[in-house]
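Architecture and fold: a report
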2 protein chains.
Amino acid sequence: MSDTDRITEDEAVTGAGALRDAEGHISAAFTDAIREAIDAAAADQLKQLMADVAHEADVADLIEALDPEHRPIFIQLLGADFDFTALTELDENVRVQILEELPTETVVEGMRDLDSDDAVYILEDLDAEDRAEILDRLPVLDRAALLRSLDLPEESAGRRMQTDFIAVPAYWSVGQVIDYFRDAKDLPETFYEVFVIDPFYKLLGTLALDKLLRSKRQTRIEQILDSEVRRVAATEDQEEAARLFERYNLVSAPVVDENGRLVGVLTIDDIVDVIQEEAEEDIRALGGVGDEELSDRVPAIIRSRFPWLFFNMFTAFVAASVIGLFDGTIERMVALAVLMPIVASMGGNAGTQAMTVTVRALAAREISRRQAPRVLWREACVGLLNGGMLALMIGTVAGMWFSDLQLGAVIGVALIINMVVAGCFGVLIPLTLDRFKLDPAVASPVFLTTVTDVVGFFAFLGLAAWWFGIGF
Amino acid sequence: MSDTDRITEDEAVTGAGALRDAEGHISAAFTDAIREAIDAAAADQLKQLMADVAHEADVADLIEALDPEHRPIFIQLLGADFDFTALTELDENVRVQILEELPTETVVEGMRDLDSDDAVYILEDLDAEDRAEILDRLPVLDRAALLRSLDLPEESAGRRMQTDFIAVPAYWSVGQVIDYFRDAKDLPETFYEVFVIDPFYKLLGTLALDKLLRSKRQTRIEQILDSEVRRVAATEDQEEAARLFERYNLVSAPVVDENGRLVGVLTIDDIVDVIQEEAEEDIRALGGVGDEELSDRVPAIIRSRFPWLFFNMFTAFVAASVIGLFDGTIERMVALAVLMPIVASMGGNAGTQAMTVTVRALAAREISRRQAPRVLWREACVGLLNGGMLALMIGTVAGMWFSDLQLGAVIGVALIINMVVAGCFGVLIPLTLDRFKLDPAVASPVFLTTVTDVVGFFAFLGLAAWWFGIGF
């Protein structure tokens, strides 16, 4: 990569080496050099070290690699050289810690130069008091735009939008638009399209920059604008907006208020974050963790994980009481106790497979209730066939282990039953939760484990009690 | 959304209603109308129905909603009205099925108008023979570009790149570039930046369109180009490229060959797909499913799921043999058999939580080996505290259930041991796998279950055997 090359060339000057090591992590030598400069309060030295670390993502990774107490000092020493955009790339905990420790004056200064979406992103994590204090000191115009965004629901498209955009009237010519670009001083930093509006700010269409560049100067905007615009309502959920971007491969999209007036623009870089967050949420939910981050401390982690364990405790007791029903049977045939976890765990794994596929299909909107019977039937077949093959192997091994082929047959049949049930419930549970507007990724695993444990233990122990004629 | 509105207005004309229902699924009424047109081989009627379904993503969703045998006929009836780009939005199975059934002539015709990245995407799924047949009939220039991409490793950046791009010499002026845009006939469909090259096609820098538009006509390109370009090597893994896009919020990036010559451009829409695939892969791996799709048939599903179940079978037998060690103990105290799954399953859940967080942190490159001791210590604390709280509850209930407070104490201690071990191994297993360049998402769950089952059963039954003085 070019920037690594460049930093390596500077090595002789700074002595700190490259920002990143071969694996892409921030290098220890570089952070050591930064740390020294901070300890010596040597602002010039720090600025020289940072001169080549231009991108906010690199600055953010570096901040995270520093000790917490060094982070605010780092920002203050850099002064005007520090771009507050880097804060948006930080872990939430780190960001909040820094904002709490920095003097309000420094924060207000830094926020002045931010794009509105970045400013909202930073402000929404602060408590009401700090937020009000910062907003109070910002210029009136900025403040109004920020307040409008902050008034929208959390996780709405309006929270992620940039309120700085370019809008031109339809009667302008291509030449007028280009001249406007050449003369205007306060254009957004980057943009990919121009919006076309009527006098009441109602969106008439968009114009991609490449189309603008291909048209003759005298062409009227109304002749070339694209009126089939996929627009996003400011109050719409950010997930919905992300789905629109994905489906139609958008790079940016206009955001409109309830009257169809243009209020902002969503760009793909914000949407990429949303897409990642959504996938991340599903993985975490299926794994039974809340929205914890790697920088979280022990109490936060416990808050994120305890509820899931607590619910699973009930599941575990339900399963145990099923076993309790058969304590007499187990007492007389202890091999059952040895083998029973096999039936439950294989069912659990098979159910998790069906559930994973269903949860993802729901998230991607690939499955509708109409297809449920077909999917269910397929899962039953898969359960029967996979169960059959495994039953043969497990039954043989179990039968030989305890020199009891009938026991092998019993575990085999129980396994097939549990795997068919597991496959079907792996589909039914997420579909049902989705129907009742509950998040299938969060709640499915607990319900599924309950089913596969109960059915597994009941089928195996019940079948054995009946077959061998051992009462409970 | 505007297009839904538009289609609704047309309802009176077509009688088919909107393409999508309120939930965003393809509407049954619309597919019925399409099906009727196909059955009647009424090309005009079909074209009229499809006149408003312009976007390839909508066309693809519609194709997936049709019966398999209707899909190729649908494409043939639409003829030149069908944009082959829609094929890239289909599920792999559906795409392959359609391509196998369509006459080669139709496929070649359709491929002619495709962007190179879309053509590669379609060709790479075909078997060598079909691929060669299609390539043979394409124009020479297109064929050469496609062959170059197809020669690169699968899942490399070069496979996803578009070979159609705009490159200009550094000595041109802004005015010359704009005039070139206005006159050139075969520009790429959309583009966000212009590349600046030397006479040997070596990349000198890029120029965003907005920057071009803001500059005076007489400005030389070399004065305004951005030379700090993050370029991607054609052979680089697509995941690495995606990480670059994410980190630096890129919209497009130049792809260069081993000599630094510009060979193509990667755009964010392709990268969004890669990002999604990566997250998807981790979810599937953790859930124990291969790369199956919702349209897969039973044999494909079994191939995707059986290996995981097979490995878990060994895990289950290992756990069972641990229980087998204590069969004498269980025979004399059957309550142990009833309670033992609680210890194993709570440990399994706690371990899964730690593992999920670690696997994601590894995927996001948020964790390095240097931090391992700190993370491990934190997981041990979490295990101790969560384990302690649950031990208190579970121990009390178990003690009352079997009127044996000592049994409650034994299960409590065993639970704490298992949860601390589970937390630590939830971190250690993925880190170790990653160190040996194995995919932590694929292999971690099996190893983790083995550990939590073995430790859970061993700690509980062993402790009970020792405490109550019951030999094995």
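Definitions and cut-offs
- Residues numbered from 1 in each chain as written.
- Chains lettered and ligands numbered in written order.
- Predicted model: local features only at pLDDT ≥ 70, side-chain atom pairs only at ≥ 80, totals over all residues.
- Heavy atoms only, no water.
- UniProt positions renumbered as here; feature names shortened; annotations may be inferred.
- Helix = DSSP H or I, 4+ residues; strand = E, 2+ residues; numbered from the N terminus.
- Expected span 1.5 Å × (residues − 1).
- Buried < 20%, exposed > 50% of the residue type's maximum accessible area, 1.4 Å probe, protein only.
- Least-squares fit on C-alpha atoms with pLDDT ≥ 70 in both.
- Contact = heavy atoms within 4.5 Å.
- Phe/Tyr/Trp six-rings, centres within 6.5 Å; stacked < 30°, edge-to-face > 60°.
- Lys NZ or Arg CZ within 6 Å of the ring centre and 35° of its normal.
- Domains from an automatic or database assignment.
- Buried area = accessible area lost by both parts, 1.4 Å probe.
- Polar contact = N/O pair within 3.5 Å; in protein donor to acceptor, adjacent residues only side chain to side chain.
- Nonpolar A, V, L, I, M, F, W, Y, C, P; charged D, E, K, R; others polar.

The name recorded for chain A in an unreviewed UniProt entry is Magnesium transporter MgtE, from Agaricicola taiwanensis. Under Sequence similarities (unreviewed entry), UniProt gives the following word-for-word description of chain A: "Belongs to the SLC41A transporter family." The UniProt entry for chain A carries the following comment under Subunit (unreviewed entry): "Homodimer."

When the UniProt feature table is mapped onto this chain numbering, "transmembrane region" (unreviewed entry) sits at residues 306-326, 338-363, 375-402, 408-433 and 445-468 of chain A. Counting secondary structure, residues 306-326 of chain A comes out at 95% helix and 0% strand; the distance between its end C-alpha atoms is 31 Å.

Turning to helix H21 (residues 335-363) of chain A, a few remarks are in order. All names here are of chain A. Its 29 residues place the ends of H21 43 Å apart at the C-alpha level, agreeing with the 42 Å of an ideal helix rising 1.5 Å per residue. Among the 29 residues in H21, 26 count as buried, and that is most of the element. Looking one or two places after H21, you find arginine 365, whose phi comes out positive at around 55°.

Below, the discussion takes up the relation of the copies chain A and chain B. Aligned on chain B, chain A shows an RMSD of 0.1 Å; the corresponding rotation is 180° and the shift along the axis is 0.0 Å. The relationship between the two copies is best expressed as a two-fold rotation axis. In this assembly the copies share their binding face: 100% of the residues contributing to the interface of chain A also contribute to that of chain B.

The subject of this paragraph is unusual backbone geometry. At alanine 41 of chain A, a residue that is not glycine, the phi angle is positive and equals roughly 50°. Note on placement: alanine 41 of chain A falls in the loop between helix H3 (28-39) and helix H4 (43-50). Positive phi is not limited to glycine here, since tyrosine 201 of chain B has a value of about 70°. As for its placement among the helices and strands, tyrosine 201 of chain B is situated in the loop between strand E2 (193-197) and strand E3 (203-208).

On to the packing of aromatic side chains. This structure, assessed with the given rule, holds 27 aromatic pairs over all chains. Note on phenylalanine 74 of chain B and phenylalanine 82 of chain B: the rings are 6.5 Å apart at their centroids and 80° apart in plane angle, and the pair reads as edge-to-face. A relative accessible area of 7% means that phenylalanine 82 of chain B is categorised as buried. For the pair phenylalanine 82 of chain B and phenylalanine 84 of chain B, a centre-to-centre distance of 5.4 Å together with 75° between the ring planes defines the contact as edge-to-face. One exposure class covers both phenylalanine 82 of chain B and phenylalanine 84 of chain B, and it is buried. Ring-pair connections join several aromatic residues into one group, and the members of that group are Trp172, Tyr180, Phe181 and Phe191 of chain A. Seen from the ring of tyrosine 248 of chain B, arginine 230 of chain B lies directly overhead, with NZ or CZ sitting 3.7 Å from the centre.

All right, on to the domain arrangement of chain A then. All names here are of chain A. The domains assigned to chain A are domain 1 (2-155), domain 2 (167-274) and domain 3 (298-467). When each unit is reduced to the centre of its C-alpha atoms, the spacing between domain 1 and domain 2 is 30 Å. Each partner contributes to the interface: domain 1 provides five residues, whereas domain 2 provides seven residues. Surface buried jointly by domain 1 and domain 2 totals about 480 Å² across both partners, of which 42% is contributed by carbon and sulfur atoms. On the domain 1 side of the interface with domain 2, the three residues burying the most area are Asp117, Leu152 and Glu155, jointly 68% of the side's total. Viewed at the interface, domain 2 and domain 1 are joined by one residue pair in polar contact (both at pLDDT 80 or more). Here the residues of the side of domain 1 that touches domain 2 are counted per class, giving two nonpolar, no polar and three charged.

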